[in-house]
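Structure at a glance
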Amino acid sequence: MRGIYRAVGVVAASALALTLSACGGDDSGDDSEAGLTVFGCNPENPLVPQNTAETCGGDPQDLTVAKLIHYDVENAAPEYDIAESIETKDNQNFTVKIKPDYKFSDGTAVTAESFVKAWNYAAWGPNAYQANYFFEPFAGYGAMQCVPPENVELGEEEDPCAKYPPTDKDEALDGLKVVDETTFTIQTTEKVSNLEVRLGYTAFAPLPESFFEDPEAFGEKPVGAGPYQVDEWTKNEEIVLSKNPEYSGEFPGIEDKITFRIYENAEAAYADLQAGNLDVINQIPTDSLIDDKWLSDLDDRGTSRPVGVTQTIGINPVADKSLDNPDLRKAISMAIDRQTVIDQIFAGTREPATGWVSPVVDGFKAGACGEWCNYDPEAAKKLWDSAGGYDGALTLAVNNDSDHGPWAEAACNSIRQALDVECTVDLSRDFATFLTDLGEGKIKGMFRQGWQMDYPSIENFLVPLYSAGASSNYYGPYDNPEFEELTRKAAAAPDLDQANALYQQAEALLSEDMRIIPLWYATGQAGWSDRVQGEVAINAFGVPDYRNVELN
Amino acid sequence: MGKYTLRRLLQMIPVVIGSTFLIYAMVFSLPGDPTAGKCGERPCSPQYVAQFKEKYNLNDPLPVQYVKYMGNVLQGDLGESQYGVPVRDELADRFTTTLKLGVVALAFEAIIGIGAGVLSGLRRGGFIDNLVLVSTLVVISIPIFVIGTVLQLYLGVKWGIFPVTVGSDAPWFDLLLPGMVLGSTSLAYLARLMRSDLSDTMRTDYIRTAHAKGLPQGRVVGVHALRNSLIPVITFLGYDFGALLGGAIITEGIFNIHGIGGYVYRGIGDRDGMVVVGTVTVLVLVYLLANLIVDLVYGLIDPRISHD
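Small disclaimer: the values here were computed from a predicted structure and weren't measured. (Residues numbered from 1 in each chain as written. Chains lettered and ligands numbered in written order. Predicted model: local features only at pLDDT ≥ 70, side-chain atom pairs only at ≥ 80, totals over all residues. Heavy atoms only, no water.)

This brings us to the overall build of chain A. Along chain A, the regular secondary structure elements total 18 helices and 19 strands. Taken over C-alpha atoms, the radius of gyration comes to 26 Å for chain A, in line with the 24 Å a tight globule of 552 residues would show. For chain A, the exposed area adds up to about 22400 Å²; of that, 48% sits on carbon and sulfur atoms. Across chain A, the centroid of the 39 positively charged side chains sits 3 Å from that of the 93 negatively charged ones. (Helix = DSSP H or I, 4+ residues; strand = E, 2+ residues; numbered from the N terminus. Rg over C-alpha atoms; globule rule 2.2 N^0.38 Å. Areas by Shrake-Rupley, 256 points an atom, 1.4 Å probe, with all protein chains shown as cover. Lys, Arg positive; Asp, Glu negative; His and termini not counted. Charge placed at Lys NZ, Arg CZ, Asp CG, Glu CD.)

All names here are of chain A. Pairing is antiparallel in the open sheet, where four strands are placed in the order E4-E5-E7-E6. Among the strands making up the open sheet, the edge pair consists of strand E4 (83-88) and strand E6 (176-180). Strand-to-strand, the axes of this sheet are offset by a mean angle of 20 degrees, without reference to chain direction. Pairing geometry for strand E5 (residues 93-98) and strand E7 (residues 183-187), over five bridges, is antiparallel. Bridge pairing links Val 96 to Phe 184 in E7. Relative to E6, helix H3 (residues 112-123) is tilted by about 165 degrees, and along the sheet it contacts E5, E6 and E7. (Pairing = 2+ DSSP bridges. Axes fitted to C-alpha atoms, helices over the stretch in contact; angles between N-to-C directions. Contact = heavy atoms within 4.5 Å.)

The next subject is the domain arrangement of chain A. Residues and elements named next belong to chain A. What the domain assignment reports for chain A is domain 1 (13-65 + 219-302 + 527-551), domain 2 (69-212) and domain 3 (306-523). Centre-to-centre separation of domain 1 and domain 3, based on C-alpha positions: 34 Å. Facing seven residues of domain 1, the contacting portion of domain 3 comprises ten residues. When the buried area of domain 1 at its contact with domain 3 is split by residue, Leu 289, Ala 540 and Phe 541 rank highest and sum to 73% of it. Between domain 1 and domain 3 we count zero salt bridges in total. One can count one residue pair in polar contact (both at pLDDT 80 or more) joining domain 1 with domain 3. (Domains from an automatic or database assignment. Buried area = accessible area lost by both parts, 1.4 Å probe. Salt bridge = Lys/Arg side-chain N within 4 Å of Asp/Glu carboxyl O. Polar contact = N/O pair within 3.5 Å; in protein donor to acceptor, adjacent residues only side chain to side chain.)

Bringing a nonpolar patch on the surface into the picture now. Among the surface-exposed residues, B:Leu6, B:Leu10, B:Ile13 and B:Ile17 lie close enough to one another that they form a single nonpolar patch of about 380 Å² accessible area. Exposure remark for B:Ile17: the relative accessible area of 43% places this residue in the partly exposed category. (Patch = residues over 30% accessible without salt bridge, like charges linked within 9 Å, V, L, I, M, F, W, Y side chains within 5 Å. Buried < 20%, exposed > 50% of the residue type's maximum accessible area, 1.4 Å probe, protein only.)

Time to look at the state of the cysteines. All names here are of chain A. Within this structure, the stated rule accounts for three disulfides over all chains. Residue Cys 41 pairs covalently with Cys 56 via a disulfide, S to S 2.1 Å. Between Cys 41 and Cys 56, the S-S dihedral sits near -100 degrees, and the bridge is therefore left-handed. Of this pair, Cys 41 sits in the loop between strand E1 (36-40) and helix H2 (55-64) while Cys 56 sits in helix H2, and the two are 15 residues apart along the sequence. (Disulfide = S-S within 2.5 Å.)

What follows deals with the pairing of strand E14 (residues 394-399) of chain A. On a regular strand, each side chain points to the face opposite its neighbour's, so the side chains alternate between the two faces of the sheet. Residue and element names in this part refer to chain A. Counting buried positions along E14 gives five out of six residues, so the element sits mostly inside the fold. Of the strand pairs in this sheet, E14 and strand E15 (residues 423-429) are connected by five bridges, and their pairing is parallel. Residue Ala 397 lies in a different strand from E15, and its bridge partner there is Asp 426. Where the polypeptide runs from E14 across helix H14 (residues 405-419) and back to E15, its parallel neighbour, the crossover connection is right-handed. (Right-handed = clockwise from strand over helix to strand, strands pointing away.)

Residues and elements named next belong to chain A. By the secondary structure assignment, Asn 473 is in the loop between helix H16 (463-466) and helix H17 (481-492). Looking at Asn 473, its side chain comes within polar contact range of the main-chain oxygen of Ser 467, at 3.0 Å. Engagement of the side chain of Asn 473 in a polar contact is seen with the backbone nitrogen of Tyr 475, the distance being 3.3 Å.

This part takes up the nonpolar core. The tendency in soluble globular proteins is for nonpolar side chains to be buried as a group. Residue and element names in this part refer to chain A. Ile 332, Leu 394, Trp 407, Leu 419 and Tyr 466 are the most contacted members of the largest nonpolar core, which has 75 residues in total. Of the residues forming this core, the biggest block, eight residues, is contributed by H14. One finds Phe 104, Ala 131, Phe 135 and Tyr 455 within the second-largest nonpolar core, a separate group that totals 48 residues. (Core = buried A, V, L, I, M, F, W, Y, C linked by side-chain atoms within 4.5 Å.)

All names here are of chain A. Under the counting rule described, the total for this entry stands at 33 aromatic pairs over all chains. For the ring pair Phe 115 and Trp 119, a centre distance of 5.9 Å and an interplane angle of 80 degrees mean the geometry is edge-to-face. With Phe 115 and Trp 119 both in helix H3 and four residues apart, the pair spans about one turn of that helix. Neither residue differs from the other here; Phe 115 and Trp 119 are each classed as buried. Ring centres of Phe 346 and Trp 520 lie 5.3 Å apart, and the angle between their planes is 70 degrees; this geometry places the pair in the edge-to-face category. Here Phe 346 is found in the loop between helix H12 (338-345) and strand E13 (350-352), whereas its partner Trp 520 is found in strand E17 (residues 516-528), with 174 residues between them in sequence. Judged by its relative accessible area of 1%, Trp 520 is buried. (Phe/Tyr/Trp six-rings, centres within 6.5 Å; stacked < 30°, edge-to-face > 60°.)

This paragraph deals with helix H7 (residues 172-202) of chain B. Residue and element names in this part refer to chain B. For H7, built from 31 residues, the straight-helix expectation of 45 Å at 1.5 Å per residue is missed by more than 12%, its first-to-last C-alpha distance being only 38 Å. Ser 184 marks the point of greatest bend in H7, at about 45 degrees. Of all 31 residues in H7, 23 are buried, a share of seventy percent or more. (Expected span 1.5 Å × (residues − 1). Bend = angle between axes of the 7 residues up to and from the residue.)

Our focus in this paragraph is the environment of A:Thr354. All names here are of chain A. Within the element layout of this structure, Thr 354 appears in the loop between E13 and helix H13 (377-386). Overall, Thr 354 belongs to the partly exposed group, its relative accessible area being 31%. Here the alpha-carbon distance between Thr 354 and Cys 373, two residues 19 residues apart in the chain, equals 6.0 Å. Residues in contact with Thr 354, not counting those within four places in the same chain, are Ala 366, Gly 367, Ala 368, Cys 369, Gly 370 and Tyr 521. Separated by 3.0 Å, the side chain of Thr 354 and the backbone nitrogen of Gly 367 make a polar contact.

Turning our eyes to something else, we now look at the packing of helix H6 (residues 144-158) of chain B against H7(B). Residue and element names in this part refer to chain B. At their nearest, the axes of H6 and H7 sit 10 Å apart, and the two run at 150 degrees to each other. On the basis of the axis angle, H6 is roughly antiparallel to H7. For H6 against H7, the interelement crossing comes out right-handed. Where H6 approaches H7, its residues Ile 144, Ile 147, Gly 148, Leu 151, Gln 152 and Leu 155 are matched on the opposing element by Leu 177, Val 181, Leu 182, Ser 184 and Thr 185. Residue composition of the contact of H6 with H7, grouped by class: seven nonpolar, four polar and no charged. (Parallel < 35°, antiparallel > 145°, perpendicular 65-115°, else oblique. Left-handed = near helix turned anticlockwise from the far one by under 90°. Nonpolar A, V, L, I, M, F, W, Y, C, P; charged D, E, K, R; others polar.)

This brings us to helix H18 (residues 496-513) of chain A. All names here are of chain A. Spanning 18 residues, H18 covers 27 Å between terminal C-alpha atoms, matching the ideal 26 Å at 1.5 Å per step. Of the residues making up H18, those classed as buried are Ala 499, Asn 500, Leu 502, Tyr 503, Ala 506, Glu 507, Leu 509, Leu 510, Ser 511 and Asp 513. Buried residues belonging to H18 abut helix H11 (326-334), H16, H17 and E17. Capping the start of H18 is the job of one residue whose side-chain oxygen sits 3.0 Å from the backbone nitrogen of Asp 497: Asp 495. Once H18 finishes, Met 514 follows within two positions and takes phi at roughly 50 degrees, a positive value.

All names here are of chain A. By secondary structure assignment, the location of Gln 61 is in helix H2. Given a relative accessible area of 3%, Gln 61 falls into the buried group. Residues Gln 61 and Pro 222, 161 residues apart in the sequence, show an inter-C-alpha distance of 9.0 Å. When neighbours within four sequence positions are excluded, Gln 61 is seen to be in contact with Leu 47, Val 48, Pro 49 and Thr 52. At a separation of 2.9 Å, a polar atom in the side chain of Gln 61 contacts the side chain of Thr 52.

Scanning the entire structure with this criterion turns up 24 salt bridges over all chains. The closest approach of N and O atoms between A:Lys117 and A:Glu209, which form a salt bridge, is 2.9 Å. Placement of the pair is A:Lys117 in helix H3 and A:Glu209 in helix H6 (residues 209-213), with a sequence separation of 92 residues. Using a relative accessible area of 42% as the deciding quantity, one classes A:Glu209 as partly exposed. A salt bridge links B:Arg94 to A:Glu264; its shortest N-O distance comes to 3.0 Å. Separated into two different chains, B:Arg94 in helix H4 (residues 87-122) and A:Glu264 in the loop between strand E10 (257-262) and helix H8 (266-274) make up a pair that spans both. Overall, B:Arg94 belongs to the buried group, its relative accessible area being 1%.

See below:
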């Protein structure tokens, strides 16, 4: 009989204690008026600029890293940052002079050596750095990689570096030479006309001496030459930046402290923004985009602009012989009502594509796709029938771990109605499987493709995707000698304008074959709290210009 | 009871081994290359893949991988996530947060749920009974993410009574609202369970006898009736505690709580086997322990259920 009293009593008492302690808890949850607080997410890798390929680590590093080139926020045009001058006579031998007064946040000077050593480290195959491929154009790149001989088929489990170590003995790119403290030279294997534009990417950042002593410790608390420095990175919680006291460049920040608060989803961040706990976000939850609800939620404290991301539908005519006819692919393209899909599914946050290159980059020319990207169901049907149609159901494969189902369904509907062919969405693969199957040419019918630019140049939307040996060329591969010829000429062109004109011609070739069907260009959004003075700008990469955000 | 506990603890060993092996086999035998998608929208370099496979023992046959993994686990090493963070450290951090959330939710559902169930069970058909029935029906029929976002919008964003999201060290006060959201559905079930059990018990012969003996109402309900009707309720609570810990993904997402649910969810998405297996192992242990405690509590409540 006493047992029950004890049991119930204990439960009640402990519950009471909990409730009490819960109420008495510390309610100073918000971290007082300590500078700018912005949306952040979990970096996938340590914060080494040469080993970061995603925005969670990239956004904070945008502020802590300075490079030779700085991209203008508005038009992504390259401007000299650390570089004093970059000169070349033949697009193959470049002389880089750097400004002598730049310093890393640990006080050491940025020298020609800081660049060359960092680039060599990233290009060294066995280090397996993500940015490795950026150094491909540099002379001596091949000798730095672990490549098995032509006739050897490497087992899937084998590490190429174990058996076939790089042949380069001094672990340095032959194409990089330090001339003096502030000068170094770059030699490329082939002619490159837009090297200057490329050098603004984080992969080309300089690294201080401390990195080479302990790369792992560096990744936890990186040291860069940018306007801000990393004070503290608490995993899963926040990345705190403060002004770099050593910064002497032309692109300083305004606020003394910027905190990236780490969220696992955009919804929670958006709620915090509305409640005033967060100052800037660059991911608006999909529900709130509908009818511009977010702009009314935030009293118009938001902005939107095109960014360097494109979406396409790819077709591999080698994997799917029934689609090995350009006219069929053109008909499919004309059968997709892009604007309606954008309005219905994306709440207007895309722009219909008129070509393969994003409008934000240097060299963009509208209308490369021509009539094939205009919605014209009658013409599409006529062309489709005259080309013989398609037996069975078309499939549109998209990966199922991201929100691709709705638009794929809508695009399929549009195709079904216009061409009178069965069209189904294949959601059977996650992104990992999707990429593997694409790489092995196992996906028939249509498949989704997306591209996010590395650097703002027309070349970046063409060569890495559609040149014969490119790693993301899943289209058969697409191998067009004329395309190769034009891009090679463009790379050798004496100035950017001529190069861009040649790249535009190469882009126009894609419309003949239509293995890749342009869908839309992405736009980026940013919203901010009422603590922010004026407007927040977004750059061509979709990253808010945190440097120039000022609080009231 | 000591013997019984020991026997139950020993029984846990095969269960833990079996379940972790199943999870391990499933996670690591998923089709597709675990490194695909790690390097943006392009395949990773062969060097990267090789380093990755070496690091996570992916080159060994599955049983060997598993034995190596369990060997490390016994030494307290749960491996490293693909973000380079030791799973043990992160799990400890996140588990504390989730445990706090689970305790808040459980306390909320136990106190309100049992209270409401007793009140309505004693007066079947009365005003309180109807109120409880209708309100629990409403809670059960609304999905938890609706409850969560609506409460967050009004109580957090609009009226500022509770914090909108949970702060970095997960203070108790911040967890109050998420705990209520998380516990709401179970609370509704619990209240209904308590109500029907108690009202059944109240109609039994021995309760009538107790009344006839002239015992005060409080003693009849508290000692005679409640004690007997608590058995299924306790079972439910024990099971529910395990479910609250592992299944708080939605609530954790809404309130930005860095807990277990989101960790497993992300681990599955990233094919981060170490994270998934490590977390599931811990969750299996929690389930087993919670059930053991429930079984032991039976004995305290009802001496007829003996563990000797």
